[in-house]
Amino acid sequence: MKTLDVPFKSISDIKKSPMTIFEEAKARNNGVYIFNRDKVAGVVLTQEQYENMNSEIEALYDRIDELIVKERLQDKNPKTYSVEAVTGMNLDDIELDDNDGWE
């Protein structure tokens, strides 16, 4: 979303004609800020804009995950953790039940 030259309307405008606000968001291909007494109360987006924004955010998170995995794979001395350090449990303290239904 553009940060400069962002369209804005008042709460009264959206109460009078909500579809007009959605049409403006679509026409400008940008969100429309809704003000209530000189403070931003929210932003109006079309469904397409909202879904595109969420898809872009998800793609960015996926890319971050890829970069983290790539960096860890290149690490020649990766840090490892014991089961006890991660779970707080010692494997020797766990009793196995032959009748637990997993067989």
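Note that the structure is predicted; figures quoted are calculated from it, not measured. Each chain carries its own residue numbering, running from 1 in the direction its sequence is written. pLDDT decides what is reported in this predicted model: residues at 70 or higher carry local features, side-chain atom pairs at 80 or more are listed and counted, and totals for whole chains, interfaces and linings draw on all residues regardless. The basis for every side-chain value is the complete set of heavy atoms in the structure, and neither hydrogens nor water enter the calculation.

### Some details on the overall build of the protein chain
- For helices the rule is a DSSP run of H or I covering at least 4 residues; for strands it is a run of E covering at least 2, with both sets numbered from the N terminus onward. Within the protein chain, the regular secondary structure consists of four helices and three strands.
- Radius of gyration here uses only the C-alpha atoms, and the compact-globule reference equals 2.2 Å multiplied by the residue count raised to the power 0.38. The C-alpha atoms of the protein chain give a radius of gyration of 26 Å, which is well past the 13 Å a tight globule of 103 residues would have.
- Overall, the protein chain is about 70 × 40 × 30 Å in size when its C-alpha atoms are taken along their principal axes.
- Only protein chains enter the calculation, and the probe is 1.4 Å; a residue is then buried if its accessible area is under 20% of its type maximum, exposed if over 50%, and partly exposed in between. Counting across all 103 residues of the protein chain, residues that qualify as buried make up 13%.
- Here the contacts in the protein chain between residues at least 6 apart in sequence split such that 39% fall between residues at least 24 apart.
- On the protein chain, roughly 9,500 Å² of surface is accessible, and the fraction owed to carbon and sulfur atoms is 52%.
- In this tally, Lys and Arg are treated as positive and Asp and Glu as negative; His is ignored, and so are the chain termini. One atom stands in for each charge, and that atom is NZ of Lys, CZ of Arg, CG of Asp or CD of Glu. Positive and negative charge centroids in the protein chain, built from 13 and 22 side chains respectively, lie 19 Å apart. The contact rule is simple, with two residues in contact once any of their heavy atoms fall within 4.5 Å. Methods summary: accessible areas were calculated by the Shrake-Rupley approach with a probe of 1.4 Å, and residue burial reflects only the protein chains presented.

### A few points about the pairing of strand E3 (residues 39-44)
- A pair of strands counts as paired when DSSP detects no fewer than two bridges linking them. As judged from the five bridges shared by strand E2 (residues 32-36) and E3, these two strands associate in the antiparallel manner. Its bridge partner lying in E3, Val32 is registered against Val44.
- Between E2 and E3, which pair antiparallel one after the other, the connecting turn spans two residues, and Arg37 there sits at a positive phi close to 55°.

### What about the side chain of Gln49?
- Turning to its location among the elements, Gln49 is positioned in helix H3 (residues 47-74).
- Residue classification places Gln49 among the buried residues on the basis of a relative accessible area of 12%.
- Every residue in contact with Gln49, bar those within four places of it in the chain, is listed here: Ala25, Lys26, Asn29 and Asn30.

### Considering the packing of aromatic side chains
- Each pair of aromatic rings taken from Phe, Tyr and Trp, with Trp reduced to its six-membered ring, is defined by centres within 6.5 Å and is described as stacked if the planes are under 30 degrees apart, edge-to-face if over 60, and tilted in the remaining cases. Inspection of the entire model under this criterion finds one aromatic pair.
- Where Phe8 meets Phe35, the ring centres are 5.8 Å apart and the plane angle is 75°; that geometry is what we call edge-to-face. Separated by 27 residues along the polypeptide, Phe8 in strand E1 (residues 8-10) and Phe35 in strand E2 bring together distant segments of the chain.
- Residue Phe8 is classed as exposed on the basis of its relative accessible area of 56%.
- For Phe35, a relative accessible area of 27% puts it in the partly exposed group.

### Considerations on unusual backbone geometry
- Positive phi outside glycine occurs at Arg37, with the angle close to 55°.
- Note on placement: Arg37 falls in the loop between E2 and E3.
- For Arg37, a relative accessible area of 79% gives the class exposed.
- Non-glycine residue Asp38 carries a positive phi angle of around 70°.
- For Asp38, the location among the structural elements is in the loop between E2 and E3.

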